[in-house]
Amino acid sequence: MLGFLAPLWLLAGAAAAVPLLIHLLRRRIGTRVNFPAVRYLLRAEREHSRKLRLRNLLLMLLRVAAVLLLALAAARPVLRMAGSGHAPTALAVVLDNSLSSSAVVSGRPVLEGLKARAREVARRAASDDRLWLVTADGRVHGGSAGAVRAEIDRVEPLAGAGNPARALTRATSLVRQAGQPEREVALITDAQATSWRAPLSIGDTRVRAYAPAGPPPPNRGVADAAAIPSRWTPRGAVRARVSTPDSATYRISLEGRTLARGTASRDEEITVRAAPSERGWTGGAVELEPDELRGDDARYFAVWLGPPPAVAVHPALGPFARSAVDALVEAGRITLGGDIALVPADEATRLPALLVAPADPVRLGAANRALERLGVPWRLGALRRGESPVRGERLVGVSASVRYVLGRRAGAAADTLATAGGDAWIVRGPNYVLIASALTPDATTLPVRAPFVPWLDDVVSQALAGGSGPILTATPGATLPRPAGADALELAGGTRSPISGDTVFAPERAGAYFFARGSQRVGALVVNPEPEESALDRLSPTALAALLRGRDVRVLADTAALSAAVFASAPRRPVVLPLLVIALATLVTESVIAGGTRGRAT
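None of the values given here were measured: they were computed from a predicted structure.

(A) Structural detail: unusual backbone geometry. Between Ile-228 and Pro-229 the backbone carries a cis peptide bond, its omega angle lying at -10°. Mapped onto the elements of the fold, Pro-229 is located in the loop between strand 11 (221-228) and strand 12 (231-232). Residue Leu-351 is joined to Pro-352 through a cis peptide bond whose omega torsion reads 5°. Structurally, Pro-352 is set in the loop between strand 21 (340-344) and strand 22 (353-356). Positive phi values are uncommon outside glycine, yet Ser-106 reaches one of about 55°. Within the secondary structure layout, Ser-106 lies in the loop between strand 4 (104-105) and strand 5 (108-109).

In C-alpha cells, the structure reads:
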C-alpha cells in the first residue's frame, strides 16, 4: 500500500497541464491552399507530418510524465512491504494490575494470565522498537524487550483500584512523543466494569486490547467498617457492611483480639458494641472467611480509647454552653473536671482549651495577649458585623453575625475547621480550638442550633482530649494533607517514617497506621481499597471497545489473535529515489528526441 509523508506536494502535479497546453497551442490552425505545382509533394508531406505528430505527442507525454514524477517524489511516497517483519514501532503495554486482578479463577490468579499475555506481546518486539510497561498505578518502565519482560515478571497486584483508564491515557501520550513511524498501545485488562465507566478518547493511536471471556468468580467483601464514634470513652461500637450474594461469616478484632463473631446476610448492616480494656490509639479490622479475592476480605478502622475527658466551663460562656456540657455529661461522653477548659480567650490561662472570642470588644487586647502567652499563632483582628453563613463539618444552617477577622502568624501549622464570609472562623492547632465569635445568640446561631452538642462533643473528644487527633481515610498510595502537629507516620511493626512538607503519602498496603509527634500517637490514617473493587463484573469485548473512542481500536478475547494483531504494521520503504531516477531518465529521453527533431529541421 502506497502512502505519502507530504501529500500537499501532490498539488504540484497540476503543473503537468503546462506542456499539454503548449502542445495544443503549437498545432497549426489556418486555411490550406493547394497549388498545382506542388501537388506532387503532398504525398511526401503527409508521410512527414505523421512522423512529426508522433514525435510531438511523445515529447508531450514525456514532459507531462516528468512533471508528475517530480510532484510524486516531492510528496515523499512510502510503500508498505508485506511479509518482511514490522515497521519500527513505539509500543506501550498497559497491564491492569488493580486489586480485582488478584482474584483466583481455576486455581490461578487472573493477573498471572494477564502477565503471560503481556510477556508474549513484548517478546515480538524488534531491536528498533521502543517499549514501555505502564501499570494501573501509573508507573512507567521503559527499555528493551528483555527489560520490559523482566518488569512484567515483577508486577504484583495493587491493594486498591489504581486507575487503568489514566494509565491508558499516559501510554498513548508516551507513544505519540516517541518519534517512531508506528504508534501502538497494547491494553491487557480483566475488564472490570467499575474500572471502565466513562468513554475514553484514544485519538489516532492504534490500540489492541485483551479482555478475558467468561464470567468472573463469585466474591464476598467488606464494603465498610468504622468505629462509632471515633473516640470511645471507653464504650463505643463498630459499624460494618458486607458485600455478599447470600450470607457471610465475619470476625471483628481490635489489635488482633476478637471482639465479636457472627453471620451477616446480604446488605445487612452490622453493629457491634464494646467497651474494651485497651487505651490510646488502636487499630481494628472486620474480616471475612477467605475467598477468591483475598484483598477485600478485611477492612480496617481506628479508634481512640480512654476515659471521658474532664471539662471545666467558664461562667462567662453563658447558659447555652453550660447546657451542652450537661447533656454530654449525662450521656457519659465527658465529665466535669479540669483537663480541658471551655473559656473566653481573654480569660484563658492554660491549654488544652476551647477558646472563644470575648463578647465585649473592649477585651480584644487582653484576648490577644492571652493567645500570645499560650503560644497560639492566631490573633483576633477587625470586628465584622452582618450575618454570614458558616461553612464547616456538622455546622449546616449556622451563621455568624458578629465576628472577628482571624490572622495567623506566618509559618504556623493550623487547620481551619469552619469559615464565615470566606474568612477563617473556627481554627484548630495543637491543644486548642479557637472560635472567632462569642457563644451568644446575638453573635452566632451556633449555640442555639441542634448541631451544637454533637459538634462540641467532637471538638472536646477528638481535638482537645489528651492523645486524640484526626482520623484520615485514604486508598493505597493516595496523597493527603499533613495533619497539624504530626511529624511522623507509624507503620506496621512500629517503625516510623518522618513526614516532611505539607502532604502525606498513604502506604501501598491496607491497614491502620498512626500519626506521631515525638513519642506520642496524635492521629490515625486508615488505608482501605475502594469498595467498588469487590464488584468483579466484567465488560464484554464489545462493551469495552465502545468505551475506547479512537480511530483504530480492537478488543480481543483470544491470546493468539492478540499476538497477531500487535506489531501488525508492515515496514514502509521510501520510493523517492526510484521516482527521481525515472524522472531523470524521462528528461534525458525528452532532450534526445527534442534534439533530434531540431537537427532534422535544420
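(B) Spatial organisation of helix 4 (residues 145-154). Every buried residue of helix 4 is listed here: Ala-145, Val-148 and Ile-152. The arc that holds the buried residues of helix 4, viewed along the axis, is 65°, so those residues lie on one side. Buried residues in helix 4 make contact with strand 3 (89-95), helix 3 (110-123), strand 6 (130-135) and strand 7 (140-143).

(C) Seen up close, the sheet that holds strand 11. Pairing is antiparallel in the open sheet, where 3 strands are placed in the order 11-13-16. In the strand order of this sheet, the two ends are held by strand 11 and strand 16 (269-274), each with one partner. For this sheet the average axis-to-axis angle between neighbouring strands, irrespective of direction, equals 20°. As defined by bridge partners, strand 11 adjoins strand 13 (residues 236-243) across 7 bridges and the pair is classed as antiparallel. Paired with Ile-228 across the strands is Ala-237, a residue of strand 13.

(D) View of the nonpolar core. Counting 52 residues, the largest nonpolar core has Leu-342, Leu-354, Leu-355, Trp-425, Trp-455 and Leu-456 as the members making the most contacts within it. In terms of residue count, the dominant contributor to this core is helix 8 (residues 452-464) (7 residues). Setting aside residues up to four positions removed in sequence, Leu-355 forms contacts with Val-343, Ala-345, Ala-348, Leu-371, Val-376, Tyr-432, Val-433, Leu-434 and Ile-435. The next biggest cluster of nonpolar side chains, apart from the first, holds 25 residues, and it includes Val-175, Ala-209, Leu-544 and Val-555.

(E) Quick peek at the pairing of strand 8 (residues 182-188). Burial analysis of strand 8 places 6 of its 7 residues in the buried class, the great majority of the element. When strand 3 meets strand 8, the two strands line up parallel, connected through 7 bridges. Within the sheet, the bridge partner assigned to Thr-89 lies in strand 8 and is Glu-182.

(F) Focus on the side chain of Thr-205. Mapping Thr-205 onto the fold places it in the loop between strand 9 (200-203) and strand 10 (206-210). Since its relative accessible area comes to 0%, Thr-205 is described here as buried. Side chain to side chain, Thr-205 and Arg-176 meet in a polar contact 3.5 Å long.

(G) Inspection of empty space enclosed by the protein at higher detail. All told, the structure shown has 1 cavity of 30 Å³ or more when counted by the stated rule. Its boundaries defined by the atoms lining it, the largest cavity holds a volume of some 60 Å³.

(H) Up close: helix 7 (residues 364-374). Among the residues of helix 7, those classed as buried are Ala-366, Ala-367, Asn-368, Ala-370, Leu-371 and Leu-374. The elements touched by buried residues of helix 7 are strand 22, strand 23 (378-392) and strand 27 (432-435). Looking one or two residues beyond helix 7, the residue adopting positive phi is Gly-375, at roughly 80°.

Cut-offs applied
Residues numbered from 1 in each chain as written. Predicted model: local features only at pLDDT ≥ 70, side-chain atom pairs only at ≥ 80, totals over all residues. Heavy atoms only, no water. Helix = DSSP H or I, 4+ residues; strand = E, 2+ residues; numbered from the N terminus. Buried < 20%, exposed > 50% of the residue type's maximum accessible area, 1.4 Å probe, protein only. Arc of directions from axis to C-beta. Contact = heavy atoms within 4.5 Å. Pairing = 2+ DSSP bridges. Axes fitted to C-alpha atoms, helices over the stretch in contact; angles between N-to-C directions. Core = buried A, V, L, I, M, F, W, Y, C linked by side-chain atoms within 4.5 Å. Polar contact = N/O pair within 3.5 Å; in protein donor to acceptor, adjacent residues only side chain to side chain. 1 Å grid on protein atoms, 1.4 Å probe; cavity = no way out; pocket = protein on both sides within 12 Å on 5 of 7 lines; lining within 4 Å. Points joined across faces, edges and corners; volume = space filled by probe spheres on them.

Taken by themselves, the reported measurements are silent on function.
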